[in-house]
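What follows is each chain in one-letter form.
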Amino acid sequence: MIVYQPNKHFLKDIGHLARSWTMVKIFRAVLLIGIYTLALSLAIFYLGWDEYTQLDAQIFSFLGIVLSILLVFRTNSAYDRWWEGRKQWGALVNHCRNLAVMAHATFPREDMKSRKYLATHISNFCIAFKEHLREGTKLEELIHVGEQEKAVYQSKDHIPNHISYEIHQLVRAAHENGSISLGDYLNHKPHLQALLDILGACERIKKTPIPFSYAVYIKIFILGYSLLLPFALYSAFGLWTPILEMFVFFAFMGVELMAEEIEDPFGLDCNDLPTGDIAHTIKRNVHEILEVKTSKLKGLEHELYEKVF
């Protein structure tokens, strides 16, 4: 995710565009449409095709309005998915902190084994969660995982589910052996259940993209509009047509590709959510709340949002 300070450095913020792979794709597409329009304009100019290639510009004004309405709906749908993902991860932060605070207040002070177990598994749930929404959990990123436990995780198709189960087991065992009361156990349950509720909501976003036919239709509409537009512009603007065509194509295709990027907000694109950073924030928070030392964990934090292209 590109991190910046809004309304502070206008020109510097524009420079951030070069870091976005989506913007690179847009610039390449704009360059290609510019080359096409330039070639067409030169052909019309030197071959005298003016009278054969003129189109009424009014129809393109009408089509531009229709296309704009479609792109507004497309962008709003994509941003709703991005914002819903951010709300779910914000809720995950709150529930993990509340779970850690409740455990800190109810578990016996001398029971450091349970505290460390809980801090480790809450952290691993979040770390496994963010990779589960990408290409699958990476066991080497999990903390304090022995060979036996790693073998168990490797046998599971859904590692976050299993880690959630282990957290439930710890709290249930604490109730059964009398470490926490029935009331404390019941108070833990909403936060425990919330882990999988949030996971399910994020899986819904991940696995239900914008319908394929709708997404392709908009791209075909933009491409057809852009390929025919020079025929309407040339009679009024002559050899300035390529510049105007590139600007129009940049506006339409740019909105479409940016919407396409953020509709799956859990990846590693420049404008995706910083789920890795949030997961490591939760890890630090729960270890601090449960008073478990984290000095050995510093080397395990990585920058997770470099987009290589």
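See the structure printed just above.
Residues numbered from 1 in each chain as written. Predicted model: local features only at pLDDT ≥ 70, side-chain atom pairs only at ≥ 80, totals over all residues. Heavy atoms only, no water.

(A) Unusual backbone geometry, seen in detail. Despite not being glycine, H144 has its phi angle at roughly 50°, a positive value. Along the chain, H144 falls in the loop between α5 (112-132) and α6 (147-154). For H144, a relative accessible area of 39% gives the class partly exposed. Positive phi values are uncommon outside glycine, yet E291 reaches one of about 60°. (Helix = DSSP H or I, 4+ residues; strand = E, 2+ residues; numbered from the N terminus. Buried < 20%, exposed > 50% of the residue type's maximum accessible area, 1.4 Å probe, protein only.)

(B) A look at the state of the cysteines. Within this structure, the stated rule accounts for 0 disulfides. Here C126 is not disulfide-linked; the sulfur of C96 is the nearest cysteine sulfur, at 3.8 Å. (Disulfide = S-S within 2.5 Å.)

(C) The nonpolar core, seen in detail. The biggest cluster of nonpolar side chains holds 47 residues, and the ones touching the most others in it are W89, L92, C96, I122, F129, I167 and I282. Looking at this core, the elements with two or more residues in it are α4 (57-106), α5, α7 (159-176), α8 (182-207), α10 (241-262) and α11 (275-289). Aside from chain neighbours lying at most four places away, what touches I167 is L99, L118, H121, I122, L192 and L195. Core analysis: the next-biggest nonpolar cluster, separate from the first, contains 19 residues, M23, L67, L70 and L233 among them. (Core = buried A, V, L, I, M, F, W, Y, C linked by side-chain atoms within 4.5 Å. Contact = heavy atoms within 4.5 Å.)

(D) Geometry of the packing of aromatic side chains. Going through the model one piece at a time under the given rule, you end up with 9 aromatic pairs. Here F27 and F250 contribute two aromatic rings whose centre-to-centre distance is 6.1 Å and whose plane-to-plane angle is 5°, an arrangement assigned as stacked. With F27 in helix α2 (residues 21-47) and F250 in helix α10, this residue pair connects regions lying 223 residues apart in the sequence. With a relative accessible area of 32%, F250 lands in the partly exposed category. Centroid distance Y79 to W82: 5.6 Å. Interplanar angle 20°. Geometry classified as stacked. Here the residue Y79 and the residue W82 both occupy positions in helix α4, the gap between them amounting to 3 residues, near one helical turn. Using a relative accessible area of 42% as the deciding quantity, one classes Y79 as partly exposed. Taken together through their ring pairs, the aromatic side chains of F60, Y225 and F252 make up a single cluster. (Phe/Tyr/Trp six-rings, centres within 6.5 Å; stacked < 30°, edge-to-face > 60°.)

(E) Structural view of the pattern of salt bridges. Counted according to the given criterion, the structure contains 12 salt bridges. Close ionic contact of K206 with D264 constitutes a salt bridge, the shortest N to O distance being 2.9 Å. Placement of the pair is K206 in helix α8 and D264 in the loop between α10 and α11, with a sequence separation of 58 residues. For K206, a relative accessible area of 29% puts it in the partly exposed group. Across the pair K219 and E260 runs a salt bridge whose closest N-O atoms are separated by 2.6 Å. Placement of K219 in helix α9 (residues 212-237) and of E260 in helix α10 is noted, with a sequence separation of 41 residues between them. K219 sits in the partly exposed class, given a relative accessible area of 26%. (Salt bridge = Lys/Arg side-chain N within 4 Å of Asp/Glu carboxyl O.)

(F) View of the packing of α6 against α7. Relative orientation of the contacting elements α6 and α7 amounts to 125°, with a least axis distance of 9 Å. By the angle between their axes, α6 is oblique relative to α7. Residues E149, V152 and Y153 of α6 pack against I159, H162, I163 and E166 of α7. Class assignment for the residues of the contact of α6 with α7 results in 4 nonpolar, 1 polar and 2 charged. (Axes fitted to C-alpha atoms, helices over the stretch in contact; angles between N-to-C directions. Parallel < 35°, antiparallel > 145°, perpendicular 65-115°, else oblique. Nonpolar A, V, L, I, M, F, W, Y, C, P; charged D, E, K, R; others polar.)

(G) Region of interest: α11. Here α11 contains 15 residues, and its C-alpha end-to-end distance of 21 Å stays within 8% of the 21 Å for a straight helix at 1.5 Å per residue. Among all positions in α11, only T275, G276, I278, A279, H280, I282, K283, N285, V286 and H287 are buried. The secondary structure elements touched by the buried residues of α11 are α4 and α5. At the C-terminal side of α11, E291 shows a positive phi close to 60°. (Expected span 1.5 Å × (residues − 1).)

(H) Molecular detail of the packing of α4 against α5. It is the contact of α4 with α5, at a shortest axis distance of 10 Å, that shows an interaxial angle of 170°. Of the possible angle classes, the one that applies to α4 and α5 is roughly antiparallel. Across the interface between the two elements, W89, L92, C96, L99, A103 and H104 from α4 touch R115, L118, I122, F125, C126, F129 and K130 from α5.

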